[in-house]
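# Structure assessment
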Amino acid sequence: MDTPDKKINVVLASRNKGKIREIDRVLKSVLPDIEVKSLDEYPEIGDIPETGSTFEENALIKARTVSRKTGLIAIADDSGLAVPALNGEPGVYSARYAGEKATDQENNSRLLIEMKDFKGNERRAAFVCALAAVSPGGHRLLVREEWEGMIAFEPRGDKGFGYDPLFIDPVLNLHGAEMSAEQKNARSHRGKALKKLAALWEDFIDQQNNASNQVGFTDLQ
Ligand code: ITT
């Protein structure tokens, strides 16, 4: 009798509900062999200080910390909005642009104020997403994707999260917060990064399996 393949447990190292919803949905379709556990199952893991100066560094910090504390593979997303005319701000500070505990609405208001005199190309922006997967043995997988668009003068839509109400996708000509989950995942920095991660996943798992077999072998010598 065939036994079904055992799913690989993976912890999603995020407490942002908007991100979690999007990541869960895409992972179910691109990596059906993994069981995604929530950080809520590990209340002892407190806030993880994001001390890096790049999205990649912060994604690795979050994934490494959660993998060490749970003994499982962890996937972390560090993302944000970069406006070239604001020298890349809010960048890695996107979640706290209007202050340490700022709401999405407060961050959006600050962005509109900072950009109030910007016209045309000065309103160009890109969402960036760095995704890191780290295994307890220290193997890592890191990918990055971007979503280019424009910042509107007024918010629109009630879907999504973060800066979605202000971000206009030039292809669909819709604000992020007006898009269905499918539309956003097909266009977004996160949707594209998740697909890139899925394409590299098998090699990542093989690497860590080979390494643990080798450890077993050396232990016997
Ligand atoms: P975790 O670290 O727990 O995952 P966080 O919200 O602190 O949650 P980040 O430091 O990566 O995560 O900050 C991401 C911020 O960037 C997020 O709070 C939004 O303001 C913005 N952002 C990222 N992706 C977005 C998206 O798809 N749509 C709208 N805003 C987005």
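What comes next concerns the included structure. Since this is a predicted model, take the numbers as computed values, not measurements.

For the chain, the count of helices and strands is five helices and seven strands. Taken from N to C terminus, the helices and strands of the chain fall in the order β-α-β-α-β-α-β-β-β-β-α-α. A sequence separation of at least 24 residues applies to 63% of the contacts in the chain between residues at least 6 apart. Each charge class in the chain can be summarised by its mean position, and for the 30 positive and 35 negative side chains these summaries are 2 Å apart.

Looking now at the packing of aromatic side chains. Taken as a whole and assessed by the stated rule, the structure comprises four aromatic pairs. In this arrangement the basic side chain of Arg110 is found over the ring face of Tyr97, its NZ or CZ atom lying 4.1 Å from the centre.

Close to the ligand lie 20 residues; Ser14, Arg15, Lys19, Lys62 and Lys184 are nearest. Residue Ser14 places a side-chain N or O atom 2.7 Å away from an oxygen atom belonging to the ligand. In this structure, Lys62 approaches the ligand through a side-chain N or O atom, which is 2.8 Å from an oxygen atom. Calculation on the ligand without its partners gives an accessible area of 620 Å², and the protein chains cover 90% of this total. Listed by contribution, the elements that provide at least two residues to the shell around the ligand are strand 3 (73-82) and helix 5 (189-220). Looking at which element gives the most residues to the shell around the ligand, the answer is strand 3, with four residues. Looking at side-chain class alone, the shell around the ligand contains four nonpolar, seven polar and nine charged residues.

This part is about the pattern of salt bridges. Applying the stated criterion to the full structure yields 16 salt bridges. Across the pair Glu22 and Arg190 runs a salt bridge, and its minimum N-O distance is 2.8 Å. Here Glu22, found in helix 1 (residues 17-30), pairs with Arg190, found in helix 5; they are 168 residues apart in sequence, far enough to count as distant. For Arg190, a relative accessible area of 1% translates into the label buried. Members of the salt-bridge network, linked through shared partners, are Lys19, Glu22, Asp77, Asp164, Lys184 and Arg190.

Taken together, the five bridges between strand 1 (residues 8-12) and strand 2 (residues 34-38) define a ladder with parallel strand orientation. What sits directly across from Leu12, in strand 2, is Ser38. As for the winding sense of the linkage, the β-α-β connection from strand 1 through helix 1 to strand 2 is right-handed. Relative to strand 3, strand 1 runs parallel, the two sharing three bridges. Paired with Val11 across the two strands is Ala74, which belongs to strand 3.

Definitions and limits used
Residues numbered from 1 in each chain as written. Predicted model: local features only at pLDDT ≥ 70, side-chain atom pairs only at ≥ 80, totals over all residues. Heavy atoms only, no water. Helix = DSSP H or I, 4+ residues; strand = E, 2+ residues; numbered from the N terminus. Contact = heavy atoms within 4.5 Å. Lys, Arg positive; Asp, Glu negative; His and termini not counted. Charge placed at Lys NZ, Arg CZ, Asp CG, Glu CD. Phe/Tyr/Trp six-rings, centres within 6.5 Å; stacked < 30°, edge-to-face > 60°. Lys NZ or Arg CZ within 6 Å of the ring centre and 35° of its normal. Near = heavy atom within 4 Å. Polar contact = N/O pair within 3.5 Å; in protein donor to acceptor, adjacent residues only side chain to side chain. Areas by Shrake-Rupley, 256 points an atom, 1.4 Å probe, with all protein chains shown as cover. Nonpolar A, V, L, I, M, F, W, Y, C, P; charged D, E, K, R; others polar. Salt bridge = Lys/Arg side-chain N within 4 Å of Asp/Glu carboxyl O. Buried < 20%, exposed > 50% of the residue type's maximum accessible area, 1.4 Å probe, protein only. Pairing = 2+ DSSP bridges. Right-handed = clockwise from strand over helix to strand, strands pointing away.

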